[in-house]
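These are the residues of each chain, in order.
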Amino acid sequence: GLVFCSGTAIMMLEMVAIRVIAPFFGADFYVWTLLIGIISLGLSVGYGWGGKMADQIVDYVKLGRIILIAAILVSFIRVVDIPILLFIHQHGPKDTRWDTLLATLALFFIPSLLLGMIFPYTARFALKHLSKAGSMVGNLYAFSTLGSIVGTFMTGFFLLSWLGHAWVLTLISWLLCLGTWLLIQEAKSQNYSATQIQTEL
């Protein structure tokens, strides 16, 4: 459930990013390229960093904090996007490519990094039996990719036109909060103290 939610959130964020950037810098090929590239870079750094942290300690609380921080930062985008984009538009390099690069780094890099950390952490929780490691990781990738597909089609075909990008960002935050709730349920099933989780989060 958690990897499905995170996969959905990642693609929803990538789809909504163009609606945030486009009013200031357009939506041409270079803008799309930079958006996809920077968000993918954030995910890549998150995958690597999350994997190293998961190897050090398998901790439901730490993963819960990562998800909640990601949810807060995503919801905060709708508050700071216009001031940041206006500043870059007025004081930036005056080149669409460089302006888009700065805007994407400022608004989407860190949330993407945090979202990238979720998968390796979740994989580490799942790898309890090495004899089934291949099927477990395969299933996690499958659920994550399925979530990405749902996020792409739902956002592109329905959510952006129905709600607008600001409410879609809020919806992403709620989805990540749902992921945190699913994590708590998983921790309960593993006999981890739910009270401890909620207190420490």
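That block above? That's the structure.
Right, let's walk through the structure included here.

Reading guide: rules and limits
Counting restarts for each chain, with residues numbered from 1 along the sequence as it is written. Two thresholds apply to this predicted model, a pLDDT of at least 70 for residue-level local features and 80 or more for giving and counting side-chain atom pairs, whereas whole-chain, interface and lining totals are computed over all residues. Excluded from the side-chain calculations are hydrogens and water; all other atoms, namely the structure's heavy atoms, are used. Exposure above 30% relative accessible area and the lack of any salt bridge qualify a residue for a patch; like charges then connect within 9 Å, and the nonpolar side chains Val, Leu, Ile, Met, Phe, Trp and Tyr within 5 Å. Throughout, the Shrake-Rupley method with a 1.4 Å probe supplies accessible areas, and for residues the shown protein chains are the sole cover considered. Should a side-chain nitrogen of Lys or Arg be within 4 Å of a carboxyl oxygen of Asp or Glu, the pair is scored as a salt bridge. Only runs of H or I of at least four residues qualify as helices and only runs of E of at least two qualify as strands under DSSP, and these elements are numbered from the N terminus. Accessible area is worked out with a 1.4 Å probe on protein chains only. A residue is then buried under 20% of its type maximum, exposed over 50%, and partly exposed in between. Grouping buried Ala, Val, Leu, Ile, Met, Phe, Trp, Tyr and Cys residues that are joined through side-chain atoms within 4.5 Å yields what is termed a nonpolar core. Contacts are assigned to residue pairs that have any heavy atoms within 4.5 Å of one another. Two rings belonging to Phe, Tyr or Trp (six-membered ring only in the last case) form a pair when the distance between their centres is within 6.5 Å. Interplanar angles under 30 degrees mark stacking, angles over 60 mark edge-to-face geometry, and anything in between is tilted. Two thresholds decide whether a charge sits over a ring: the Lys NZ or Arg CZ must be within 6 Å of the ring centre and within 35 degrees of the ring normal.

Right, let's get into a nonpolar patch on the surface. The grouping of F143, L146, I149, V150, F153, M154, F157, F158, W162, L163, W167 and W174 at the surface amounts to a nonpolar patch, some 1,300 Å² of accessible area in total. Looking at which element gives the most residues to the nonpolar patch, the answer is helix α5 (residues 133-163), with ten residues. The residue L163 is located in helix α5 in this model. Since its relative accessible area comes to 41%, L163 is described here as partly exposed.

On to the nonpolar core. Counting 50 residues, the largest nonpolar core has L13, I21, L63, F108, L115, I172 and L176 as its most contacted members. Listing elements by their share of this core, those giving two or more residues are α1 (2-25), α2 (29-56), α3 (60-91), α4 (96-126), α5 and α6 (165-189). Apart from residues lying up to four places away in sequence, L115 is in contact with A9, I10, L13, L43, A70 and L176.

The final tally for this structure, using the stated rule, is one salt bridge. Of the charged contacts in the structure, one is a salt bridge between D95 and R97, with a shortest N-O distance of 3.6 Å. Owing to a relative accessible area of 44%, R97 belongs among the partly exposed residues under this scheme.

Further remarks concern the packing of aromatic side chains. A complete count under the given rule lists seven aromatic pairs for this structure. Residues F119 and Y141 carry aromatic rings whose centres are separated by 4.5 Å and whose planes lie at 40° to one another, so their mutual orientation is tilted. With F119 in helix α4 and Y141 in helix α5, this residue pair connects regions lying 22 residues apart in the sequence. A relative accessible area of 11% means that F119 is categorised as buried. By relative accessible area, which is 49% here, Y141 ends up partly exposed. Between F158 and W162 the ring centres are 5.2 Å apart and the planes differ by 45°, which places this aromatic pair in the tilted class. With a gap of four residues between them, F158 and W162 both fall in helix α5, about one helical turn apart. On the accessibility criterion, F158 (34% relative accessible area) is partly exposed. Note on W162: relative accessible area 61%, which makes it exposed. Clustering of aromatic rings is evident, with ring pairs tying together F153, F157, F158 and W162. If you follow R78 out to its NZ or CZ, it ends over the ring of W167, 5.1 Å from the centre. One cation-aromatic arrangement involves R97 over Y30; the distance from NZ or CZ to the ring centre is 5.4 Å.

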